[in-house]
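Structural overview for review
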Amino acid sequence: MITLLPTLWAGAARAADEGTFWMPPAASTFAKDVDFVFYYIYFIDVACFVVMMAAMIYFAIKYKQRGPNDTTPNIKGSHALEIGWSVLPGVLMVGMFWFGFQGWMDMAVPPADAMEVRVIGQKWNWTYQYSFGGKSFEVAGDDQACMDAGGENPEKYNDCSAPLVVPAGQAVKLVMNSRDVLHSFYVPDFRVKKDVVPGRYTVAWFEAPEPGVHKVFCTEYCGDKHGYMYSRVQVLPQAEFDAWKDAQLAKAEAEGALTGAALGEKLYASKGCAGCHKINGERLVGPPLNGLFGREEQLEGGATAMVDEAYLRESILVPAAKIVAGYPPAMTPYQGLLSEAEVEGLVEYIKTLK
Ligand code: CUA
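For every chain, the first residue of the written sequence is number 1, and numbering continues from 1 along that sequence. It should be noted that, the model being predicted, local features are given only for residues of pLDDT at least 70 and side-chain atom pairs only at 80 or more, the latter also being counted only at that level, while totals for whole chains, interfaces and linings use all residues. Only heavy atoms go into the side-chain values, all of them from the structure, while hydrogens and water stay out.

With respect to the overall build of the protein
- Strands here are runs of E lasting at least two residues and helices are runs of H or I lasting at least four, both read from the DSSP assignment and numbered beginning at the N terminus. Along the backbone of the protein there are nine helices and twelve strands.
- Working definition: with a 1.4 Å probe on protein chains only, accessible area under 20% of the residue-type maximum means buried, over 50% means exposed, and in between means partly exposed. Buried positions account for 40% of the 354 residues belonging to the protein.
- Whether two residues are in contact is decided by their heavy atoms, any of which lying within 4.5 Å being enough. The contacts in the protein between residues at least 6 apart in sequence include a share of 64% that link residues at least 24 apart.
- For the area figures, the Shrake-Rupley method with a 1.4 Å probe applies, and any residue is considered shielded solely by the protein chains shown. When the accessible surface of the protein is split by element, carbon and sulfur atoms take 61% of a total near 19,300 Å².

Re the state of the cysteines
- Only a pair of cysteine sulfur atoms within 2.5 Å qualifies as a disulfide here. Under the defined criterion, the tally for this structure stands at zero disulfides.
- Cys273 carries a free sulfur, and the closest cysteine sulfur to it, the one in Cys276, is 9.0 Å from it.

Regarding the pattern of salt bridges
- By definition, a salt bridge exists where a carboxyl oxygen of Asp or Glu is found within 4 Å of a side-chain nitrogen of Lys or Arg. Across all of its chains, the model carries nine salt bridges by this definition.
- Here Arg191 and Asp35 are joined by a salt bridge, their closest N and O atoms 2.7 Å apart. With Arg191 in the loop between β6 (183-187) and β7 (192-196) and Asp35 in helix α2 (residues 31-62), this residue pair connects regions lying 156 residues apart in the sequence. The pair formed by Arg191 and Asp35 is uniform in burial state, with each residue classed as buried.

Comments concerning the environment of Glu240
- Of note, Glu240 is situated in helix α6 (residues 238-255).
- Sequence separation of Glu240 and Val166 is 74 residues, and the distance between their C-alpha atoms is 9.8 Å.

Notes on the side chain of His183
- Checked against the element boundaries, His183 lands in strand β6.
- For His183, a relative accessible area of 0% translates into the label buried.
- Side-chain atoms alone can form a polar contact between residues adjacent in sequence; in general such a contact is a pair of N or O atoms within 3.5 Å, and within protein one must be able to donate a hydrogen while the other accepts it. In this structure the side chain of His183 is engaged in a polar contact, spanning 2.8 Å, whose partner is the side chain of Asp180.
- Aside from chain neighbours lying at most four places away, what touches His183 is Gly121, Gln122, Lys123, Trp126, Ser178, Asp195, Val196, Cys218, Glu220, Cys222 and Met229.

Things to note about helix α9 (residues 340-352)
- Helix length check: α9 (13 residues) gives 19 Å between terminal C-alpha atoms against 18 Å at 1.5 Å per residue, within 8%.
- α9 sits mainly inside the fold: ten of its 13 residues count as buried.
- Among the residues of α9, Glu342, Val343, Glu344, Gly345, Leu346, Val347, Glu348, Tyr349, Ile350 and Lys351 are the ones counted as buried.
- For α9, the secondary structure elements touched by its buried residues are β1 (115-122), β2 (125-132), β5 (171-178), α7 (260-270) and α8 (309-317). Each residue after the first adds 1.5 Å to the expected span of a helix.

What to know about the sheet that holds β5
- One bridge is not enough; two strands pair if DSSP finds at least two bridges between them. Strand order across the open sheet formed by five strands is β3-β2-β1-β5-β8, with mixed pairing between neighbours. Of all strands in the sheet, those bounded by a partner on one side alone are β3 (135-140) and β8 (202-207). The average undirected angle you get between the axes of adjacent strands in this sheet is 25°.
- By the bridge criterion, six bridges tie β5 to β8 in an arrangement that is antiparallel. From the neighbouring strand, Ala171 faces β8, where its bridge partner is Glu207. Axis definition: a line fitted to C-alpha atoms, limited for helices to the stretch in contact. Angles are taken between N-to-C directions and run from 0 to 180 degrees.

Topic: the packing of aromatic side chains
- Side-chain rings of Phe, Tyr and Trp (the six-membered ring for Trp) are treated as a pair once their centres are within 6.5 Å; stacked means planes under 30 degrees apart, edge-to-face means over 60, and tilted covers the remaining angles. Enumeration according to the criterion identifies 30 aromatic pairs in this entry.
- Arranged with centres 5.9 Å apart and planes meeting at 40°, the rings of Phe59 and Tyr63 form a pair that is tilted.
- One aromatic cluster in this structure is built from Phe21, Trp22, Phe38, Tyr39, Tyr42 and Phe43.
- We call a charge positioned above a ring when the Lys NZ or Arg CZ atom is no farther than 6 Å from the ring centre and deviates by at most 35 degrees from the ring normal. It is Lys193 that lies over the ring of Tyr186; its NZ or CZ is 4.7 Å from the centre.
- Lying over the aromatic face of Phe132, Lys245 brings its terminal NZ or CZ to 4.6 Å of the ring centre.

Section: the packing of α2 against helix α3 (residues 79-108)
- Following both chains from N to C, one finds α2 and α3 inclined at 165°, their axes separated by 9 Å at the closest point. Between α2 and α3, the crossing angle belongs to the class labelled roughly antiparallel. In the packing of α2 onto α3, the handedness of the crossing is left-handed. Contacts from Asp33, Val34, Phe36, Val37, Tyr40, Ile41 and Ile44 in α2 reach Val91, Leu92, Gly95, Met96, Phe99, Gly100, Asp106 and Met107 in α3.
- When its residues are assigned to classes, the contact of α2 with α3 shows eleven nonpolar, two polar and two charged. An angle below 35 degrees is treated as roughly parallel, one above 145 as roughly antiparallel, one from 65 to 115 as roughly perpendicular, and anything else as oblique. Crossing handedness: left-handed means the near helix sits turned counterclockwise from the far one by under a right angle, and right-handed means the same turn made clockwise. Residues are grouped as follows: nonpolar covers Ala, Val, Leu, Ile, Met, Phe, Trp, Tyr, Cys and Pro; charged covers Asp, Glu, Lys and Arg; every other residue, Gly included, is treated as polar.

Points about the layout of surface pockets
- Roughly 580 Å³ of internal volume is contained in the largest pocket.
- Points on a 1 Å grid, built from protein atoms alone, make a cavity when a 1.4 Å probe fits but cannot get out and make a pocket when they are open with protein on both sides within 12 Å along at least 5 of 7 lines; residues with an atom within 4 Å of a point are the lining residues. Together, 30 residues line the largest pocket, and His277, Pro287, Ser315, Pro319 and Met331 are the ones closest to its centre.
- At the level of elements, α8 and α9 are the ones that each hand at least two residues to the lining of the largest pocket.
- When grouped by side-chain class, the residues that make up the lining of the largest pocket number 22 nonpolar, five polar and three charged. Grid points are joined across faces, edges and corners, and a volume is the space filled by probe spheres set on the points.

Observations concerning unusual backbone geometry
- One non-glycine residue with positive phi stands out, namely Arg191, at about 60°.
- Look at Arg191 and you get buried, because its relative accessible area is 9%.

Encoded structure:
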């Protein structure tokens, strides 16, 4: 174990540079932790394999029956041996759990100050939606254009689709869902992999310290063009990211395209939300929407619910699922009445209401 550790660290350090035989480059802050767990388990496995195979061959030769009178001695067993081969693997396995659990906790909880990007999977591309100060824009792959450009070559197809652009050195939180079937968002260089599910939001995050370009794969079989569902993450220096962001915001404004919070604001007025929900803290038939996001809501029956994207989505589509204490179950279900983009818009809009 003492001699193993430097090898472990060396393996992890190499992975940080240009990747190893087993691992792609480690380009996110927690990639090295993932690699450490991998190499920890890997080298224990290698050591066990070598020791066991050597022992097996040695014993097979040493204790081969040499003749009919070569009988097996009566062996009584050894407590020291029994305890040894139970405790040592036990300790090593608790290590696997502990390192794995710590790494998992880090990956499961995005930092509070993370920049948020909405990721929407659909057959067969990824759409990325950004919101800044209530203004939003989206970058999306154009399936047909990409198919025309790339033909049967998935890599070319990939180069054509719009990348997820993020700043270097800043935590990025991905809030993801699917417009159709199950997909999975996978960035090998970041060691990030998370299912993208219709009708539900899943969350992943990463922080890439250095600028660069990294591949995105869909890693859940989703249909005949699953293998084409490539994208990229483009990590830019902060200043370049800001310039890109401003250009995208200006372009979206010029095109008059409404997405995200801006679309939600329009729907709030046009779909009748305002008739029951104020945004200045006043109570009407329904609870006010300002200050709602991130709050713990008291429900009828004594339960509480955390107001996150999934709660807002459910409360728009199936309002009766969770009724806020002190309010009647009076809202129309909007299931089937709003498009996915419209639900997203409303959720984004409510998140901006302080
Ligand atoms: Cu999307 Cu596989």
